[in-house]
Every structure is written in structure tokens, then in C-alpha cells.
Amino acid sequence: MGKCRRKRLHLRNLYAFKGRKSTFQEDHSHIGGPGFSRVVYCNEPNSPASERRNYAGNYVRSTKYTPASFIPKSLFEQFRRVANFYFLVTGILSLTALSPYSPISALLPLGFVITASMVKEGIEDWGRKKQDIEMNNRKVKVYDGNGIFRREEWRNLKVGDIVRVEKDEFFPADLLLLSSSYEDSICYVETMNLDGETNLKVKQSLEVTSSALHEDSDFKDLKAVVRCEDPNADLYTFVGTLDFEQQKSPLSIQQLLLRDSKLRNTEYVYGAVVFTGHDTKVIQNSTDPPSKRSRIERKMDKIIYLMFGVVFLMSFIGSIVFGIETREDRVRNGGRTERWYLKPDDAEILFDPERAPMAAIYHFFTAVMLYSYFIPISLYVSIEIVKVLQSVFINNDILMYYEETDKPAHARTSNLNEELGMVDTILSDKTGTLTCNSMEFIKCSVAGTAYGRGITEVERSMAMRSNGTSLVDDDLDVVVDRSGPKIKGFNFVDERVIKGNWVKQRDAVVLQKFFRLLAVCHTAIPEINEATGTVSYEAESPDEASFVVAARELGFEFFSRTQNGVSFRELDLTSGKTVERVYRLLNVLEFNSARKRMSVIVRDEDGKLLLLSKGADNVMFERLAKNGRKFEEKTREHVNEYADAGLRTLILAYREVDENEYIEFSKNFNEAKNSVTADREILIDEITDKMERDLILLGATAVEDKLQNGVPDCIDKLAQAGIKIWVLTGDKMETAINIGFACSLLRQEMKQIVINLETPHIKALEKAGEKHAIEQASRESVVKQMEEGKALIKGSKGASSHEAFALIIDGKSLTYALEDDFKKMFLDLATGCASVICCRSSPKQKALVTRLVKTGTGKTTLAIGDGANDVGMLQEADIGIGISGVEGMQAVMSSDIAIAQFRYLERLLLVHGHWCYNRISSMICYFFYKNITFGVTVFLYEAYTSFSAQPAYNDWFLSLFNVFFSSLPVIALGVFDQDVSARYCYKFPLLYQEGVQNLLFSWKRIIGWMLNGVFTALAIFFLCKESLKHQLYNPNGKTAGREILGGTMYTCVVWVVNLQMALAISYFTWVQHIVIWGSVAFWYIFLMIYGAIAPSFSTDAYKVFTEALAPALSYWLTTLFVMIFTLIPFFVFKSVQMRFFPGYHQMIQWIRYEGHSNDPEFVEMVRQRSIRPTTVGFTARRAASVRRSGRFHEQLKKNFIAF
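Residues numbered from 1 in each chain as written. Predicted model: local features only at pLDDT ≥ 70, side-chain atom pairs only at ≥ 80, totals over all residues. Heavy atoms only, no water.

Draft legend 1. The arrangement of the environment of Met-786 in detail. Take Met-786: it is sitting in helix α21 (residues 771–799). In the structure, Met-786 is positioned 31 residues away from Ala-817 in sequence and 8.6 Å away in space, judged by C-alpha atoms. Setting aside anything within four residues of it in sequence, one finds Met-786 in contact with Ile-755, Ala-817, Phe-822, Met-825, Phe-826 and Leu-829. (Helix = DSSP H or I, 4+ residues; strand = E, 2+ residues; numbered from the N terminus. Contact = heavy atoms within 4.5 Å.)

As C-alpha cells, then:
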């Protein structure tokens, strides 16, 4: 490869990361000890010393199974389910003489169900396998030892390999950075896949490697040894040493490039592979997501255990009766057996009166096998199939597809579909979730004058609440020009400063310094489009990008970063022409959450040293010099107004630096950053803190993080559905409150319960610095405020049940509220409020609040967020929803379902959630109904035959009932049924409360379906038995035997359970018609085909239909009569319920049926007959208006009477 010209950009003195020359301190003293034993021979991956280490390869596997482990491991997974294990035991018992049916008829359905589940597991795992193949087959340039870098697949990398990674490529393993295209060997890395952050990180190699390794050919004789820590999950630390050219140098995280991060704004880097495959830090960090099961699934397990109890109880009782009957058989008849047809004299144990106790024990095992049909063998696999198909519908819903980013909804797990219809509380992040996390520069305050005429969404909401004052003087005779294309990050409109008009302002000099600071004080990287000449920027955050864009649009265009500093174009005040200026960039004092500010030290063209700084108001105002506070009062006013308008603000200030002062600072700063001691960061903070003092105020910026489209309407609709909405944000309380009003989370009628620690007493203690006293006073204050809030809510319930409250609490107060002694009080207070906003919340607090709500209420919680700081909250909640926004994919990868916009939550919950809950609930109830119907007929027939373990049906009739004759209709119900249409789900959002209160899967409804099954079975058995008891069945005089009675009963069961399905379905499609009537038709087809097979296989079913059942009129009449008799009670019950005791969804069905959907009075009446009163949103406002007029109760009474 030819020589590459290295970029000459010296940045080693700019940043506060460790210097390239540093001495050993105690941090590296434990190299070679326990936990620090890894040795890497660079450029010698195949040497004997390397191979003896036997490090992991770079092949990464995320699959659950391997080809060798798939069968045993998946079988183990299937038989962990108690129902499947039960059927395995009965299948094994069917191989013994105790079996009432043939072994193959028991084992074949079980094999079918297990195989279907294993195929589903295999398909899902194959999807993961394909992702692994794509990842492992990526290619990177690897040094081959002959001066050439050849492209190799990632999976073939070994520890010690030298690789060359080029711009916009991912790092294939954890690499030690050796050198880069920049002369100082820095590089820019994007770690979005690791921590969700989109900002670029700066990495830098050691000088000892970068000075020697420039080109591909330099690596021919490279020999180096790395001794470092063993593989671990810590992304932010790395301890090691490098032995190279007889020098031993310390290594830190600054030299480590992590797998799955991306190289940005750097042409290429060289690196040595240190950790591969599952030893890399990103894989070490990957943990299996917490196992989540829906409440319905957990309740279904309880029903299964109940059915087991019923089966064992029936078997136990039947065995006792059988033992007594067997013992008394000969006694009653003077030595002769009454049940001679059972041939007791030939029996070894069963039916032998001499061994009645043992016969009873053996009968118990036989009965357990016979009654196994009470347990639906295909229930689990059917539910899995249904949930997968439901997820397909969610993934392909065009109304949840976001065209701008080409992102559809993605159900990453299908286990929680029905849980979407049961959400009681939503806990939401704000930035990037409710808002776009796409910042726009919209206003600014310079020299005490407010600029910017844009109106924010919060201001519009404020205007609706009250008559607020404008943030810009309204008496100016101006015309606002809003023409021109929309510019990302810039929504500033003010003719006083745009198009160079700032030079005409009274404070033009201050304006110039203000915009210069925006153009210089940042870490953005310019990218020039060679075709168009336009400049775009890569910035650490959306805020910073908006500042640089704003400076460019206002005439201060930053366009280049060189080794000497930064270059920008501006309008010269003297000449009136655009000139290029170059500021030498000396130091960058980086932003972090503790400092809350960022500064640069530059030297301008006149040789002056300047410190330019921007940061949070509470940090910056206290750093102003006495002579630098000229505009402080006005600027504070504007900052407060901007916060009220929901804007994010920063204060801009500067000062001139004395040469001697800078020399001293530079010396101390370099010493501190080159230190590797434990207090390095503290030293740096102390030195920078001294420098960032005595500043002169320039003004403030205000950027808007715009609400996502549809957020207010979505929140309003969810609130109408009775869902409580909590917002957990890191923003200021004022900003969060105003965002709450803008998105209709708060409304004017609400009483706000505000809990904070801004009391004079606590402020005085904070000034005194008495830590223990501060904690005690803060705790007492929070408890007192919570008690006052609870009293306020309790008092309102006595006076009026329609009062709505909102709880707003800050992060400091939340720390005490979440303590074990007070968290129940906090939860009681919060659950009594319609809306809850937690401000200044840390990621840990978000997770703790989510856990508190989930465990404390026992209701379903849903967390929604878009950033890495939301991962704990998403995993802690019952359902985690990830927003695929601009903060990376960490939240999405940790979520259960991913959507592109918050507004799609409305359709996901109110439509898909309600449908899935209704379908799964009805499906499980129906499953148990049909199995109880079938199982009770088997039990009754056995009881009728004195518990002789005689099955009522042919072996294959028994086996195929759940698999072929009744399963497809219930699967179709779970996939396609709709109790109400999507339009009515939106129109009547309170319908959603049926799922929150679990009305459709309550024990009352479950037992009701079970009793319906018992009644149906009793009717089928006795009607069939009695109708065939006293008559000749055919012209030859033959009476009905077991095969005739069994065939008739089985026909009735197939007809009744499928017709019951037809009555239960609310929304018929052609699929339902095919599977319902097809199941019935398939029974007759099967009966004819099976009956035509030789008697050695078909046994007593041989030609039973064609020669016995079909020709007999009584067979058809009995079937018809039984169908009518068994279904009339259910039909009458549903009719009475619909007419006199309708559920909420049944009211809506009546509206649709009677054509009242466009009758506003009738619709409003049904809205008012809610399961839960609404306290948030437009409906609540209307209801409050009616109440205030004094007509509410009278109108409601009239409506109920009319209904």
C-alpha cells in the first residue's frame, strides 16, 4: 500500500485525558497478579507462547442452541412445563398394561405438540444465528506478516493480530490503539452500540507507538508485549502495560478501542487485538434480559394446577369406588361375579375381587391417564402460535410505521402481547421520548436584550391557560420574514440580528463576542461537502450542534479545525466585509455532569488570551466577576421566562487571561492530566475551577427540544383510558411542569402537590455545610410535605370525588421518599394523583420508582424511554418500550417492544393491547371449556361402567380431539377476533379498563366457562345415553353399543364446541368460517376414512359411520337435539346479559348494532357510564364543565334511565 499522508492535527494538549508520556504509579502495581494476568504478544498471534495461552477466538455466538445441543436442550425446555411433563408421564404409562388406550395414540399427539414448539424455538434461534453469521463474516484488514494488510473475516481474528480499521468501520475486537491518520494519533470513536450515546469520544495512542508506526510496512518487525487486566465488563477502565522498544509504558482506557464502536472522522487507525469474542467488554456486558411472563400466563398456570387437582381427585374417588365395587362384586352375588363380562377370573389384578385394594391402586394410575383429556395438551403451543401471529400484525401495522426513519414497530418478544391490554401505569422518560431530542436554537438573550420571535409549543399551551407576556418587546414595528428552507437545529427568527443586521444594534460588540463564543467554544468537527461546499457538523450533543449551526446562520461560520486551532468566517465590524479568522486553541475544559459547564482557552489574532465558557445558570452566575454582572438581572429574567417556555438554557461568559496566569495554569494542568494517581480527576477539577472564575456575562441561549408529533393527543387519549402517566426526567422542575401542560399531562383545574427542598431552613443548613443536619431536615421536610399531600387528597374525597391532583417531586426529595420507611407513603400519595412528574431523576431513581410502582400496586407497569439511562427502568417494568430515536439503540435492545414515536403507544395499547388481551383471555377460557366438556363425558361414561377404566371413545378419537377437531377455531379466535373495531377503541378509550381490571379473565368468568363445560357434558352424555337406551338401532335389531354411543357423543361434542365458538366470536372472517365448519366436516371425513381401514387398526370404529351411524335417523336427530339443548342456555345468558347487564364492550357493540355511533348524546351517555372516572384530558375538562354547571348528576341519571 502506498504512503498515506497523515493529518497534522495536534490535540494532545487540548483535552483533559491522560497524557501520552506518564510515569508508573500505584494503579499499575498489580499487573501480573490475580485478575491482571493477561499477556498479549503483538504481531505474534501464532507463536507458541500465544497458543499456550489458549485465549477465546473472535467467533461470537448469541444463539440459545448449537446443532449438538438443540435436541436435548430444547426437549428439556419443553418438559420443564408441568403440563408437558404430565403428558410425558402418561405417555410412558401408556406403554404398560394399565393403559386404557394404545401407546401410539397417546404419544403421537404429544410428539406433534413438542415438535411444533421445538420448530418454533428453532426458527427463532435461526434468526439469531443469521445475525451471528452476518456479524462474524464482516471483514477487516489484518496484517499478514509480509508488510501487507489483507481482508479477513472477523471470526478468524486472534489475540495479538494487528488490524487496520478505516473510517466508518466497526472495531472487530477490543483493540490497543497503536497509531492513527492524525499525527498525534488521536481518533474519534462513536460508542452508540455500547452506551447509547451519539457523541464522539476522543482516543489517543501512546507516543512510543505512534512515533514508530506510521505506515503498513512499519509493522514488519513489530514486537511488543501487553500485560493487562483479565476480561471484565467495565467499559470505562482499563489497566495494563506495554513493553515496546525496551520501554515499559502504562495503558489506560484512553488507548482501548472497544468492539462494536465505530471509527468516525478519522481516515484509519492501527490496533493490536487484546480481547476477542466473548472476552470483549461489550459481550461481557451483555446480560440476558429479565424473564418476563404476563399475568394471564401466570394465572393460566394456576388453572392448570387446579385441573391437575381435579384430575387426581376424580381418579382418587373413582379408584375408591372401583375398589369397593370390585370387593363387593362377589359378596353380593353369593360367590358369583355380577360383572362377569369383565372376566375377573382371568385378570391378574384388575377386577379381581380377591385383590381389590391393589386393583384400586392400579385403577388410580389408569384413571390419571384416562382423565388426562381434562388438560388441554395443545394449549401452550396454540398460545405460542397465536402470540407469534399477533406480533406479526403489530410489526406490520402501517399506522405504526415511521416513514422518516424507515422504522416500523418491532415486537422483540411475543410473550407480553396480552399484557399490553392491562397497563395501569406508564412511566415515561421526557427527552427523546415525549420530545424529539432534536434541539433547535430558538431564542437568546444578549446584553440584557431578548432576541427571537419563535413561539414554542409550551408557550402556545401557556397562552391557552392564561394571558402571558411576550418574551420580546411587542412595540417594535417589524415584519418577520419566515421564508426559506427549514434548517435543522435552527428555528430563530428575529430581523434585528439575522442577515448581518446585528451590526446595527446598540450592543453590536457584545453580540459579536456572543456569536464568536458560539462559533469557537465547542468540540464539534466540521465536514465540508465537496460538491456543494456546505458545512455540516459532528457534535457531542444535539445542543452543541444547534449552537454551531446558529452561529453559522447568523454570520459566524466555523469551517475548519487545524493543529493551530479553529477557523471561522465573520462579518467585520469595521470594513463590513466577511473575513476569515483563526483562533489558536490551547485547551478544552470538557463538559461533564458534575462541572455543568465547558470552556476553551484560545489566543485570538491580536495575541490576547481568552477563556470562553458556557454552562448551566446555577453554575455560571456564581462565577461572574463583580464588573461582569452588568446584564445579570435582565438575563436572569429572560432565563426564567425561557424555562417557563420549556426551553433549555445555557449562560455564555468570557474573560481575558493574563500570560503569567496561563503559564502557571498550563503547567499545573499538564501535571494533573499526566498523573495516574487516584485523585487525578480531583486535581484537574480544582485547577480548572480556579481558571473559570471572574467571568464577564455575555448572555444566554435557549434551545427547544420540540414535542414529538401527536404527543398531547396521545397522552390525552391514554388518560381517558384511565391509565396513570408518570414522567421521570432529569430536567428542572419548571421546565418539566410546562412540558406537562404542553402535552396535556397537566391541566389548569388540577391541584399541584409540589415536593422539593427549597425551604429557607434547608438552604441555611446547606450554607453552613452541616451534612447530618441537612439530611435530617430534608427527610423531615419531605415526610411532612407527603403527609400534607395525602391529607389534601383525603379531604377532597370527602367533598368531591372528581378532584384531580398532580404530584411533582424533585430528585433530592425523591431520594428520601424512596427510603424503605417512607416509600409506601410516597406510593400512596402518588397513586392518589392523576399525574406524577419526577424531576432531576437519576437513572437509578427511575428504576427504583418503576420497581416501587410494580411491586407496590401489583398492577401492570409500562416503561418507555429512548436512551441508555432508561435501560434499568425498561427492564424493571412489566413491559419495556424502547423508542428508536437519536440516542442510540441501547434502550431498543433492552426493550420488549420498539416503536419509533411516542404517539404510536396509543394504537399499541388501546387497539393491539385490547385486542390481544381480549383474544388471549377468550381463547384460554374456551380451551378449558372444550376440554372440560370432552373430559367430563369420558368421566361420566367411566362412572356409568362402574369405573372400569373403559374409555367412551376410540383411541384415535381421544388423541385427535385437541389436535385436529377443536384447535384451529380457537387459534383463529386468538388471531382475528375483534370485540370492537379499532375506530371504536379510539372513540371509547375507557374500554381499555376492562383489561386493567382484568374483567375478561377473572376467576368469575373462568369458572363460568368451566361450569358451562360441565353442563354441556352432562347434557351430551345423558341425552345421548337415554335417547339410545331403549330402542333398536338398526333394522337387524341391534342395540347401540359402545361404538355407537361413543360415536354419537363424539359427534355431539365436536358440533357443540365448534358452535359454541361461533357464538363466542364477535368478528367473523372467512378464516373463522373455514376453520369452524372445516373442523366439523373434517370429523366426518376422518370418521369415514379411518373407518375404512382394516379392523386391526381402526378396531371398533371400522365402518361405524357408513354402516351404523349415517343410516340411522336417530343419530342425526339426537345430534340436532343435543346441539339445540346445550347451546340455548348460553344463548339466553348472553342475551340477558347484553340486554340488562352489559359490559362496556357490549354497550359499544349495541351502539354499532343500532347505528347510534354518530348520535353525540347517546355516545356521551355511554362515555359517562365508565368503569373508572377520567381525571386527565379533554374528557375530564368537559365533565368538569358539566359539574360546575350543576347539571351533571341530573343528566347522568336521565341517561341511565334512557339506556
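Draft legend 2. Structural view of the packing of helix α12 (residues 508–520) against helix α13 (residues 542–553). Direction vectors running N to C along α12 and α13 enclose 130°, while the axes themselves pass 8 Å from each other. As judged from the angle between their axes, α12 and α13 are oblique. Our pair here, α12 against α13, has a crossing hand that is left-handed. Between α12 and α13, the contacting residues are Phe-515, Leu-518 and Ala-519 on the first element and Phe-547, Val-548 and Ala-551 on the second. Class assignment of the residues belonging to the contact of α12 with α13 gives a composition of six nonpolar, no polar and no charged. (Axes fitted to C-alpha atoms, helices over the stretch in contact; angles between N-to-C directions. Parallel < 35°, antiparallel > 145°, perpendicular 65-115°, else oblique. Left-handed = near helix turned anticlockwise from the far one by under 90°. Nonpolar A, V, L, I, M, F, W, Y, C, P; charged D, E, K, R; others polar.)

Draft legend 3. Representation of empty space enclosed by the protein within the structure. One pass over the full model with this rule turns up seven cavities of 30 Å³ or more. By volume, the largest cavity amounts to about 130 Å³. Forming the walls of the largest cavity are 13 residues, and the residues nearest its centre are Phe-87, Ala-106, Ser-372, Tyr-373 and Ile-377. At the level of secondary structure, the elements contributing two or more residues to the lining of the largest cavity comprise α3 (82–93), α4 (103–136) and α28 (955–965). Looking at the lining of the largest cavity residue by residue, the class counts come to eight nonpolar, five polar and no charged. (1 Å grid on protein atoms, 1.4 Å probe; cavity = no way out; pocket = protein on both sides within 12 Å on 5 of 7 lines; lining within 4 Å. Points joined across faces, edges and corners; volume = space filled by probe spheres on them.)

Draft legend 4. Layout of the nonpolar core. Membership of the largest hydrophobic core comes to 107 residues, with the highest contact counts inside it found for Ile-375, Phe-928, Tyr-953, Phe-957, Tyr-1050 and Trp-1083. Per-element accounting of this core gives the leading share, 15 residues, to helix α27 (residues 904–944). Apart from the residues lying within four places of it in its own chain, the contact partners of Phe-957 are Phe-934, Tyr-1050, Trp-1083, Phe-1086, Leu-1087, Tyr-1090 and Ala-1101. Grouped together as the second largest cluster of nonpolar side chains are 72 residues, Phe-547, Val-548, Leu-610 and Ile-684 included. (Core = buried A, V, L, I, M, F, W, Y, C linked by side-chain atoms within 4.5 Å. Buried < 20%, exposed > 50% of the residue type's maximum accessible area, 1.4 Å probe, protein only.)

Draft legend 5. Broad picture of the environment of Gly-454. Tracing the sequence through the fold places Gly-454 in the loop between β17 (449–451) and α11 (457–465). The class for Gly-454 is buried, based on a relative accessible area of 5%. Put simply, Gly-454 and Ile-442 are 12 residues apart on the chain and 6.1 Å apart in space, counted from C-alpha to C-alpha.

Draft legend 6. Representation of the confidence of the model for the protein. Mean pLDDT over the protein works out to 81, with 83% of the residues at or above the 70 mark. Taken as a whole, residues 1195–1203 scores under 50 in pLDDT and shows nine contacts with residues more than four places along the chain or in a different chain. (pLDDT = per-residue confidence, 0-100.)

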